[in-house]
Amino acid sequence: MAPPVTQTAAVAEAPGGAAQPPQQQQQQRGLGSTISGIIRIAVFWYFASKFFSPKQKPMDPNHLMTNLFHKGESLDMWFYLSEQDKFNDFSNEGLLYWHETNIPYGVWTPESFGTRSLKYYPSETLQNNGSLYAHVFFARSGFPIDPSDPEYQPLNSFGRTHPVATYFPKREVDKKKSLLGSPKDSDESKPEVEKVVDKNSESKEEVPVEWVSLWKPNVTINLVDDFTHYSQSGLPPNIAPHLLVEPSTGNYYPTIYFNEFWLLRDKMIPINERVSEVPLNLEISPISMTKWQLFQQVDQSFQMHRSYGSMLDGESDELKRVYLENNPYLLGITMFVSILHSGFDFLAFKNDIQFWYKNESMEGLSAKSVVLDFICQFVVFLYLIDNDTSWMILASSGVGVCIEFWKIGKAMRIDVDRSGMIPRLRFHDRESYASNKTKEYDDIAIKFLSYVLLLLTVGSSIYSLAYERHKSWYSWILSSLTSCVYMFGFIMMFPQLFINYKLKSVEHLPWRQMTYKFLNTIIDDLFAFVIKMPILHRLSVFRDDLIFLIYLYQRWVYPVDKTRVNEFGFGGEDETAEKKLIIEKQEEEDNKKTN
């Protein structure tokens, strides 16, 4: 990939790797659902391949592949850096950056671990999208690795090459701009990948993707503790690509694994003509066979999710960041409560559907709040579409929009007006809602709260238009409305609180569903501290806690009204009278049988 070496890079040893400037991170969407999916797939895949793979017949030991080295055998290591992918310049000491001796293979002792921190000075070739490779060689202690050496023996040495400078497609350009024409906008939104449009054709063609060179500041070399006897005709598919087989004997060398599992993309350093030095942190250590395979399975599950569209680019790094930057005990608790969150979410959904399906009376319930909930869900759904969210999150939000519209049909009477050219939907209040004080109190609450909500929405939209950047006027409208849903959504819950206050009762509310939702908000509070998320979403989580505490206070203050119709359309006195009639009929039948 890189042209021949034209200049020699210099290196100076430093006490530690310099910290690179932080890169801009992508927004995380749908991380909660991704965590459980990734872990389940990885663990299931590993144990399924471990215990349920087809058992092979015993093979002749002469046809089995074994490790050429023994456990605990001492090895020497040489670490070279070169701009060539093939290396044979062993006599050039300027390319040797690390040499270790007497490293025991396959054992966990202090001598098996080693670290070194350097400062590397890129050459002009590397600064102009050149390549750089790490060539790592191992040999039995006392044996050379240079094939030109008279004492060289192929069975005593092995090595592997790994790129230290990698390439990624340049991140998509931020298409947002100041809608009011800020002078700074012209410099901030220059296109990086332009589209070439043929005026004589309707089709649009894109120029080839532009790639950028990134420096890996950490290189971790793991020697896999693997002494398995493999069949020459049936190598496991996850092992075969990494196994280095010696052709004359048919046996394999120890596996060298360059561990980049915890190397995040935003930790990599872009290399260009302005970069004069970069840090390089080297590490050598053993790794168990189980841990090595687990890393591979998790990486494969990440790729699978990305191919299915259920994970966006960068979300795997955000998931790894959760494990890197948080306390392991807190992560264990988070994984446990995430399972509870899924259970409570299902129970809340089930009881919500059950409540509205069986509800026959809107007495004491705010019908306008149901309509506002649908509008908010629909706005959030459009906002997710505008921001290119993964299909999994879109499907979940879309189902929520459909359910909220179904609730409107249960809270109000919907008729189809076909008198005009285009059929229209007309909404009418139900008799149980309009024939009592519920509608009056609901109208009063909505009237005053709509003024407050309108002022806040207009103020927030003007601020966003003046100081923030957007892709289009449509994007600005959606962004402003979504911000208002997050920031001021609690205002839409106040009509129900006002109705409860006026009626002095809360028995008409679906308390089972609300209880499960409150338990979920407690879990969301924990996620708000563990998982990186927008500040508006964090505020919305604590907002729900405050509203439910008010509901609990109202339930404690207002006594239970046995005569009020409950969520299933029955009153307490009616139920008691019905039970008395059933008991009287049973007594009459018993008397007839005895007579």
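This structure is a prediction, so every number in the text was calculated from the model and none was measured.

Two elements, strand 17 (residues 412-417) and strand 18 (residues 424-429), share six bridges in a ladder whose sense is antiparallel. Each residue of the ladder has a partner; that of D415, found in strand 18, is R426. Connecting strand 17 to the next strand, strand 18, in antiparallel fashion are six residues.

Under the 1.5 Å per step criterion, the end-to-end length of helix 7 (residues 367-386) is 29 Å for 20 residues, consistent within 8% with the ideal 28 Å. All of the buried residues along helix 7 are A367, S369, V370, F374, C376, V379, V380, L384 and D386.

Scanning all chains against the criterion turns up eight salt bridges. Ionic pairing is found between K119 and E277, a salt bridge with its closest N-O pair at 3.5 Å. Pair noted here: K119 is in strand 5 (residues 114-121) and E277 is in the loop between strand 15 (269-270) and strand 16 (278-288), with a separation of 158 residues, a long-range link. Relative accessible area serves as the criterion here: at 17%, K119 is assigned to the buried category. On the accessibility criterion, E277 (37% relative accessible area) is partly exposed. Among the salt bridges present, the one from D417 reaches R424, with a minimum N-O distance of 3.7 Å. Under the relative-accessibility criterion, D417 is labelled buried at 16%. Residues joined by salt bridges that share partners form a network here, namely D417, R424 and R426.

Chain-level pLDDT for the protein chain is 75 on average; 70% of the residues reach the 70-or-more range. Within the model, the stretch residues 1-31 combines pLDDT values under 50 with 74 contacts to residues more than four positions away or in other chains. Note on residues 566-575: pLDDT is under 50 here. Beyond four places in sequence and across chains, it has 18 contacts.

The next thing to look at is the pairing of strand 12 (residues 218-225). Counted residue by residue, strand 12 has seven buried out of eight residues, so it is predominantly covered. Here strand 12 runs beside strand 16; their pairing, made up of eight bridges, is parallel. Looking at strand 16, one finds that L223 is bridged to P286. The sheet contact formed by strand 12 and strand 14 (residues 256-258) spans three bridges and is antiparallel.

The subject of this paragraph is the packing of helix 10 (residues 437-467) against helix 12 (residues 494-503). The geometry of helix 10 relative to helix 12 is characterised by a closest axis approach of 9 Å and an angle of 135 degrees between their N-to-C directions. The angle between the axes of helix 10 and helix 12 places the two elements in the oblique class. Seen along the crossing, helix 10 lies across helix 12 with a hand that is right-handed. Mapping the contact onto sequence places T438, Y441, D442, I444, A445, I446 and L449 in helix 10 and F494, P495, F498, I499, K502 and L503 in helix 12. Among the residues making up the contact of helix 10 with helix 12, the classes are represented as 10 nonpolar, one polar and two charged.

Judged by nonpolar contacts, the single largest core of 34 residues is most densely connected at F79, L81, F138, W215 and I221. Among the secondary structure elements, those contributing two or more residues to this core are strand 3 (74-82), strand 4 (96-104), strand 5, strand 6 (133-140), strand 12, strand 14 and strand 16.

Taken together, the side chains of I444, F448, Y451, V452 and L456 make up a nonpolar region of the molecular surface, amounting to roughly 450 Å² of accessible area. Within the element layout of this structure, Y451 appears in helix 10. A relative accessible area of 48% places Y451 in the partly exposed class.

About the cut-offs
Residues numbered from 1 in each chain as written. Predicted model: local features only at pLDDT ≥ 70, side-chain atom pairs only at ≥ 80, totals over all residues. Heavy atoms only, no water. Pairing = 2+ DSSP bridges. Helix = DSSP H or I, 4+ residues; strand = E, 2+ residues; numbered from the N terminus. Expected span 1.5 Å × (residues − 1). Buried < 20%, exposed > 50% of the residue type's maximum accessible area, 1.4 Å probe, protein only. Salt bridge = Lys/Arg side-chain N within 4 Å of Asp/Glu carboxyl O. pLDDT = per-residue confidence, 0-100. Contact = heavy atoms within 4.5 Å. Axes fitted to C-alpha atoms, helices over the stretch in contact; angles between N-to-C directions. Parallel < 35°, antiparallel > 145°, perpendicular 65-115°, else oblique. Left-handed = near helix turned anticlockwise from the far one by under 90°. Nonpolar A, V, L, I, M, F, W, Y, C, P; charged D, E, K, R; others polar. Core = buried A, V, L, I, M, F, W, Y, C linked by side-chain atoms within 4.5 Å. Patch = residues over 30% accessible without salt bridge, like charges linked within 9 Å, V, L, I, M, F, W, Y side chains within 5 Å. Areas by Shrake-Rupley, 256 points an atom, 1.4 Å probe, with all protein chains shown as cover.

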